[in-house]
Amino acid sequence: MYFGNGYSASARHRYAAVDTGSRIEGANPHQLVKVLFDELLLSIDAAILSEKAGDRAKCTDRQARALSILHALESSLDFDRGGQLAVGLAQIYREARRLIVAGLQSRSVDDMHEARNMINEIAEAWTAIG
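Numbers given to residues run from 1 along each chain, matching the order in which its sequence is written. At least 70 in pLDDT is required for a residue's local features to be given in this predicted model, at least 80 for side-chain atom pairs to be given and counted, and no such filter applies to totals for whole chains, interfaces and linings, which use all residues. The basis for the side-chain values is all heavy atoms of the structure; hydrogens and waters are excluded.

1. Observations regarding the overall build of the protein chain
Working step 1: To qualify as a helix, a DSSP run of H or I must reach at least 4 residues; to qualify as a strand, a run of E must reach at least 2; elements of each kind are numbered from the N terminus. On a plain count of helices and strands, the protein chain comes out with five helices and zero strands.
Working step 2: Going residue by residue from the N terminus, the α and β elements of the protein chain occur as α-α-α-α-α.
Working step 3: For the exposure calls, accessible area comes from a 1.4 Å probe over protein chains only, and a residue counts as buried if that area is under 20% of its type's maximum, exposed if over 50%, partly exposed in between. The burial tally for the protein chain puts 32% of its 130 residues in the buried class.
Working step 4: With an accessible surface of roughly 8,100 Å², the protein chain has 56% of that area assigned to carbon and sulfur atoms. Surface accessibility in these figures is a Shrake-Rupley result with a 1.4 Å probe; residues are shielded only by whichever protein chains are displayed.

2. Describing the pattern of salt bridges
Working step 1: What makes a salt bridge here is a side-chain nitrogen of Lys or Arg within 4 Å of a carboxyl oxygen of Asp or Glu, nothing more. Under the defined criterion, the tally for this structure stands at nine salt bridges.
Working step 2: The residue Glu74 makes a salt bridge to Arg94 at a minimum N-O spacing of 2.7 Å. Of the two residues, Glu74 sits in helix α3 (residues 56–75) while Arg94 sits in helix α4 (residues 79–106), which places them 20 residues apart along the sequence.
Working step 3: Of the residues examined, Glu74 reaches a relative accessible area of 12% and is grouped as buried.
Working step 4: Within this structure, Glu74, Arg94 and Arg97 form a network of salt bridges that share partners.

3. Some points on the confidence of the model for the protein chain
Working step 1: Known as pLDDT, the predictor's per-residue confidence is scaled from 0 to 100. Residue-level pLDDT values for the protein chain average 86, and 81% of them are 70 or greater.
Working step 2: When mean pLDDT is taken per element in the protein chain, α3 scores highest with 96 and helix α1 (residues 5–24) scores lowest with 52.

4. Section: the nonpolar core
Working step 1: The criterion is simple. A nonpolar core is a set of buried Ala, Val, Leu, Ile, Met, Phe, Trp, Tyr and Cys residues joined through side-chain atoms within 4.5 Å. Grouped together as the largest cluster of nonpolar side chains are 27 residues, with contacts concentrated most on Phe37, Leu40, Leu70, Leu73, Tyr93 and Ile119.
Working step 2: Counting residues per element, the ones that place at least two in this core are α2 (29–53), α3, α4 and α5 (109–129).

5. Side note on α2
Working step 1: Each residue after the first adds 1.5 Å to the expected span of a helix. The first and last C-alpha atoms of α2 sit 36 Å apart over 25 residues, in line with the 36 Å expected at 1.5 Å per residue.
Working step 2: A distance of 2.9 Å separates the backbone nitrogen of His30 from a side-chain oxygen at the start of α2, and that oxygen is part of Asn28.
Working step 3: Two residues or fewer after α2 comes Gly54, characterised by a positive phi angle close to 80°. Whenever two N or O atoms come within 3.5 Å, that pair is a polar contact, provided that in protein one can donate a hydrogen and the other can accept it, and provided that, for residues adjacent in sequence, both atoms are side-chain atoms.

6. With respect to unusual backbone geometry
Working step 1: A positive phi angle, close to 60°, is found at Arg107, a residue other than glycine.
Working step 2: Judged by relative accessible area, which is 54%, Arg107 ranks as exposed.

7. A closer look at the packing of α2 against α5
Working step 1: To obtain each axis, a line is fitted to C-alpha atoms, and for helices this fit is confined to the stretch in contact; angles are then taken between N-to-C directions over 0 to 180 degrees. Running from N to C, α2 and α5 cross one another at 160°; their axes reach a closest spacing of 10 Å. With respect to α5, the element α2 is oriented roughly antiparallel. As for the relative orientation of α2 and α5, their crossing is left-handed in sense. Here His30, Val33, Lys34, Phe37, Leu40, Leu41, Ile44, Asp45, Ala47, Ile48, Glu51 and Lys52 of α2 lie close against α5, whose contacting residues are Val109, Met112, His113, Arg116, Ile119, Asn120, Ile122, Ala123, Trp126, Thr127 and Ile129.
Working step 2: Note on residue classes: Ala, Val, Leu, Ile, Met, Phe, Trp, Tyr, Cys and Pro are nonpolar, Asp, Glu, Lys and Arg are charged, and everything else, Gly too, is polar. Residues that form the contact of α2 with α5 fall into these classes: 14 nonpolar, four polar and five charged. In these notes the angle categories are as follows: under 35 degrees is roughly parallel, over 145 is roughly antiparallel, 65 to 115 is roughly perpendicular, and the rest is oblique. In this scheme the crossing of two helices becomes right-handed for a clockwise turn of the near helix relative to the far one and left-handed for an anticlockwise turn of less than a right angle. Working rule for contacts: check all heavy atoms of both residues, and any pair within 4.5 Å makes them a contact.

8. Some thoughts on the packing of α2 against α3
Working step 1: Put simply, α2 and α3 touch, their axes get as near as 8 Å, and they point 155° apart. Overall, the two elements α2 and α3 adopt an arrangement that is roughly antiparallel. Relative to α3, the crossing made by α2 is left-handed. The residues of α3 that touch α2, namely those facing Val33, Leu36, Phe37, Glu39, Leu40, Ser43, Ile44, Ala46, Ala47, Ser50 and Glu51, are Arg56, Lys58, Cys59, Arg62, Gln63, Arg65, Ala66, Ile69, Leu70 and Leu73.
Working step 2: Per-class residue counts for the contact of α2 with α3 are 12 nonpolar, three polar and six charged.

Structure, rendered in structure tokens:
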């Protein structure tokens, strides 16, 4: 068939990139962090679904993306102005990374669910102050 899985998956990635790109253009710093949280949660969700489906390559790819976003979030923290809040967020981001790596190594979604729940709490709070 003309619109086989390869084509539709590729098209979905292109549309997702355009959507993310359009959300980034003109966004203020608060909105940019919101985009990172959204992308992070989507990556963790996709890793969980891929693991459940037995698609190790996609799971690993999504976990790598999640780890990269967590690193970016931690790197963006301002410890001078953020004080204890920045320290607390850094600890949460590190723990989420540890859980995602543990999920990768054990091939278990439980650790990834725990990481997702931690990040979701922060993402919801970030949206609430938006």
